[in-house]
Amino acid sequence: CARAFVANIYEAEANKEQARILTCYADREGASSAQELRASPGRRLFISLARGNVEGVRGALSAGADVNQADIAGWTPLMVAFARDDVEASRVLIN
């Protein structure tokens, strides 16, 4: 259930519910728009984690993503990596 929830948040940007979630998240994060949020390192971090893209995780961290920043559901990047049983991404986030 947790994996499906996380994957749905980060994979379904085209539907209206996702646009609403992005707007709420942008407001919470102080971004001026959902479009700005999509380009943020933090957003790229969560998308990379949801897709199992460890190189994307490294890139988002290099670009300044905050390892401790929770998403709108209260999940931190490490929680997402653990929920996906992604050992490599978990190690990247811990180091």
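What counts, and where the lines are drawn
Residues numbered from 1 in each chain as written. Predicted model: local features only at pLDDT ≥ 70, side-chain atom pairs only at ≥ 80, totals over all residues. Heavy atoms only, no water. Salt bridge = Lys/Arg side-chain N within 4 Å of Asp/Glu carboxyl O. Helix = DSSP H or I, 4+ residues; strand = E, 2+ residues; numbered from the N terminus. Buried < 20%, exposed > 50% of the residue type's maximum accessible area, 1.4 Å probe, protein only.

1. Points about the pattern of salt bridges
Scanning all chains against the criterion turns up 2 salt bridges. Here Arg58 and Glu55 are joined by a salt bridge, their closest N and O atoms 2.6 Å apart. One end of the pair, Arg58, and the other, Glu55, are both in helix 5 (residues 54-62), 3 residues apart, so they sit about a helical turn from each other. By relative accessible area, which is 33% here, Arg58 ends up partly exposed. For Glu55, a relative accessible area of 55% puts it in the exposed group. Arg58 is paired through a salt bridge with Glu88; the nearest N and O atoms lie 3.7 Å apart. Here Glu88 lies in helix 7 (residues 87-94) and Arg58 lies in helix 5, a separation of 30 residues in the sequence.

2. Things to note about the environment of Ala70
Within the fold, Ala70 resides in the loop between helix 5 and helix 6 (77-83). For Ala70, a relative accessible area of 17% puts it in the buried group. It is 9.4 Å that separates the C-alpha atoms of Ala70 and Gly42, two residues lying 28 residues apart in sequence.

3. Let's talk about unusual backbone geometry
A positive phi is found at Asp85, a non-glycine position, where the angle reads about 55°. Position of Asp85 relative to the elements: it lies in the loop between helix 6 and helix 7. For Asp85, a relative accessible area of 57% translates into the label exposed.

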